[in-house]
Amino acid sequence: MTKLLEWVFGVSVIGAAWALVTFDLLNLRLPEAYKEVAWPMPVYLLVVFGCYSLATVGYRVATFNDCEEASKELQDQIKEAKEDLRIKGLKM
Amino acid sequence: MASRKGSHQTRGNGDKYSVLLPTYNERENLPLIVWLLVKYFGESGYNYEIIVIDDGSPDGTLEVAEQLQKIYGEDKILLRPRARKLGLGTAYIHGIKHATGNYVFIMDADLSHHPKFIPEFIEKQREGGYDLVSGTRYRGDGGVYGWDLRRKLISRGANYVTQVLLRPGASDLTGSFRLYKKEVLESLVERCVSKGYVFQMEMIVRARQGNYTIGEVPISFVDRVYGESKLGGNEIVSFLKGLLTLFATT
């Protein structure tokens, strides 16, 4: 199954369950409280996901390592390499 | 690990590592990356060869590669040039054809990937018997030098969307510093159809599909090119198109 199909399947199952409870499709006569909680769930979950996403990406950007030492080390090694290659006969 | 650095004995267990270096206009960088590869492979004692796949660079990269061959030997530096700039996937296929190693490294020739990580890749691969080991900028002490806030945001944002949509089981999908078992690389490259960033992503996704095992090694990525070539709207759009294609087809 492709990822797209997995998503479509998952959303369908959750969507069906939500519609079942919110609109009482099978005449289950669930308590009113269930319907009141279920009804705003899709929007609520989307908002929660949105906030989670922003927080996660924000955190990851903030903690993205800046490799200062790596750059410096590279600069030093470039000098060393150029000199060594020159000695070995490389003509740039 | 500390005791190994000083030892110069050859790891005589028959493993050989082929390093594929696709190049285009890398006249300045090629000698440097080769020097670093020779240094770190030499120090670690692993058997290796470097395969330079030059796509008809107008700046004379091939000529520099020939000089390097004279300096380091034709058994260590192999040249597999091509007439013009063709895709990365075909460069790998072309490069592997004459590779004598049983493991293959792929990496960038512009010094953004540092050969000092090569022993870590090899040790990681041996530790878990992984089919492929991927260098990650996003975990452990991996990271990037030379990116401003905008670039970091795009990178992390794109990676997050990719993780949500594809759940690939690897933290850095667009990275191109990797170690593959040779037969795994051959098998995967044949199946991949994307270009650019998405090609590297597709390789990982197909690896998961094929139930290949993936290990990770944190790496530092030193970007000296970003200042010259900003990541523009076009690249972002084509990335998203490629991502959605992978989402819908894998």
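Under an unreviewed UniProt entry, chain B has the name Dolichol-phosphate mannosyltransferase subunit 1 and belongs to Salvelinus namaycush.

Per an unreviewed UniProt entry, chain A goes by the name Dolichol-phosphate mannosyltransferase subunit 3 and belongs to Salvelinus namaycush. Recorded under Sequence similarities (unreviewed entry), the UniProt text for chain A is reproduced unchanged: "Belongs to the DPM3 family." Among the UniProt annotations of chain A, the heading Subunit (unreviewed entry) holds the following wording: "Component of the dolichol-phosphate mannose (DPM) synthase complex."

Draft legend 1. Molecular detail of the sheet that holds strand β3 (residues 77–79) of chain B. Residues and elements named next belong to chain B. Taken in spatial order, the seven strands line up as β3-β2-β1-β4-β7-β5-β8 in an open sheet, and their pairing is mixed. Each edge of the sheet is formed by a strand with only one pairing partner; in this case those strands are β3 and β8 (214–218). The sheet shows a mean angle of 25 degrees between the axes of neighbouring strands, direction not considered. Where strand β4 (residues 103–106) and strand β7 (residues 178–181) come together, four bridges link them in antiparallel fashion.

Draft legend 2. Spatial organisation of the layout of surface pockets. All names here are of chain A. By volume, the second largest pocket is sized at about 480 Å³. Around the second largest pocket, the lining residues are Trp7, Gly10, Val11, Ile14, Gly15, Trp18, Ala38, Met41, Pro42, Leu45, Leu46 and Phe49. Going through the elements one at a time, α1 (3–22) and α3 (41–62) are the ones with two or more residues in the lining of the second largest pocket. Counting residues per element, the lining of the second largest pocket draws most heavily on α1, which supplies six residues. Its residues assigned to classes, the lining of the second largest pocket comprises ten nonpolar, two polar and no charged.

Draft legend 3. Just the interface of chain A and chain B, in detail. With 35 residues of chain A at the interface, the matching set in chain B holds 43 residues. Each partner contributes to the roughly 3500 Å² buried at the junction of chain A and chain B, and carbon and sulfur atoms together form 65% of this total. For the chain A face of the interface with chain B, the top three residues by lost area are Lys3, Phe64 and Leu74 of chain A, together amounting to 19%. Inspection of the chain A/chain B interface yields three salt bridges. Note that lysine 152 of chain B is salt-bridged to aspartate 66 of chain A, the shortest N-O span being 3.1 Å.

Draft legend 4. Geometry of the packing of helix α7 (residues 182–191) of chain B against helix α8 (residues 196–209) of chain B. Residue and element names in this part refer to chain B. Here α7 crosses α8 at 110 degrees, and the two axes come no closer than 9 Å. Here α7 is positioned roughly perpendicular relative to α8, judged by the angle of their axes. Between α7 and α8 lies a crossing of right-handed hand. Between α7 and α8, the contacting residues are Leu185, Leu188, Val189 and Arg191 on the first element and Glu202, Met203, Arg206 and Ala207 on the second.

Draft legend 5. Spotlight on the UniProt feature "domain: Glycosyltransferase 2-like" (unreviewed entry) in chain B. Within this structure's numbering, the places UniProt gives as "domain: Glycosyltransferase 2-like" (unreviewed entry) are residues 18–187 of chain B. Regarding residues 18–187 of chain B, the helix share stands at 43% and the strand share at 19%, and the terminal C-alpha atoms are separated by 16 Å.

Draft legend 6. Local environment of empty space enclosed by the protein. Throughout the structure, instances matching the rule amount to one cavity of 30 Å³ or more. Approximately 30 Å³ is the volume attributed to the largest cavity. Lining the largest cavity we find Ala70 of chain A together with Leu111, Ser112, His113, His114, Lys116, Ser220 and Val222 of chain B.

Draft legend 7. Representation of unusual backbone geometry. Residue and element names in this part refer to chain B. Look at arginine 167: it is not a glycine, yet its phi comes out positive at around 40 degrees. Position of arginine 167 among the secondary structure elements: in the loop between α6 (149–166) and β7. For arginine 167, a relative accessible area of 47% translates into the label partly exposed. Its identity as a non-glycine residue notwithstanding, asparagine 211 has a phi of 60 degrees, on the positive side. Looking at where asparagine 211 falls in the secondary structure, it is placed in the loop between α8 and β8. A relative accessible area of 67% places asparagine 211 in the exposed class.

Draft legend 8. Highlighting the nonpolar core. Residues and elements named next belong to chain B. In this structure, Leu21, Val34, Leu37, Phe41, Ile50, Phe105 and Phe121 are the most contacted members of the largest nonpolar core, which totals 46 residues. Ranked by residue count, the leading element in this core is helix α2 (residues 29–44), at ten residues. Those residues in contact with phenylalanine 105 that lie beyond four places of it in its chain are Tyr17, Ser18, Val19, Leu20, Phe41, Ile118, Phe121, Ile122, Phe177, Arg178 and Leu179.

Rules of the game
- Residues numbered from 1 in each chain as written.
- Chains lettered and ligands numbered in written order.
- Predicted model: local features only at pLDDT ≥ 70, side-chain atom pairs only at ≥ 80, totals over all residues.
- Heavy atoms only, no water.
- UniProt positions renumbered as here; feature names shortened; annotations may be inferred.
- Pairing = 2+ DSSP bridges.
- Helix = DSSP H or I, 4+ residues; strand = E, 2+ residues; numbered from the N terminus.
- Axes fitted to C-alpha atoms, helices over the stretch in contact; angles between N-to-C directions.
- 1 Å grid on protein atoms, 1.4 Å probe; cavity = no way out; pocket = protein on both sides within 12 Å on 5 of 7 lines; lining within 4 Å.
- Points joined across faces, edges and corners; volume = space filled by probe spheres on them.
- Nonpolar A, V, L, I, M, F, W, Y, C, P; charged D, E, K, R; others polar.
- Contact = heavy atoms within 4.5 Å.
- Buried area = accessible area lost by both parts, 1.4 Å probe.
- Salt bridge = Lys/Arg side-chain N within 4 Å of Asp/Glu carboxyl O.
- Parallel < 35°, antiparallel > 145°, perpendicular 65-115°, else oblique.
- Left-handed = near helix turned anticlockwise from the far one by under 90°.
- Buried < 20%, exposed > 50% of the residue type's maximum accessible area, 1.4 Å probe, protein only.
- Core = buried A, V, L, I, M, F, W, Y, C linked by side-chain atoms within 4.5 Å.

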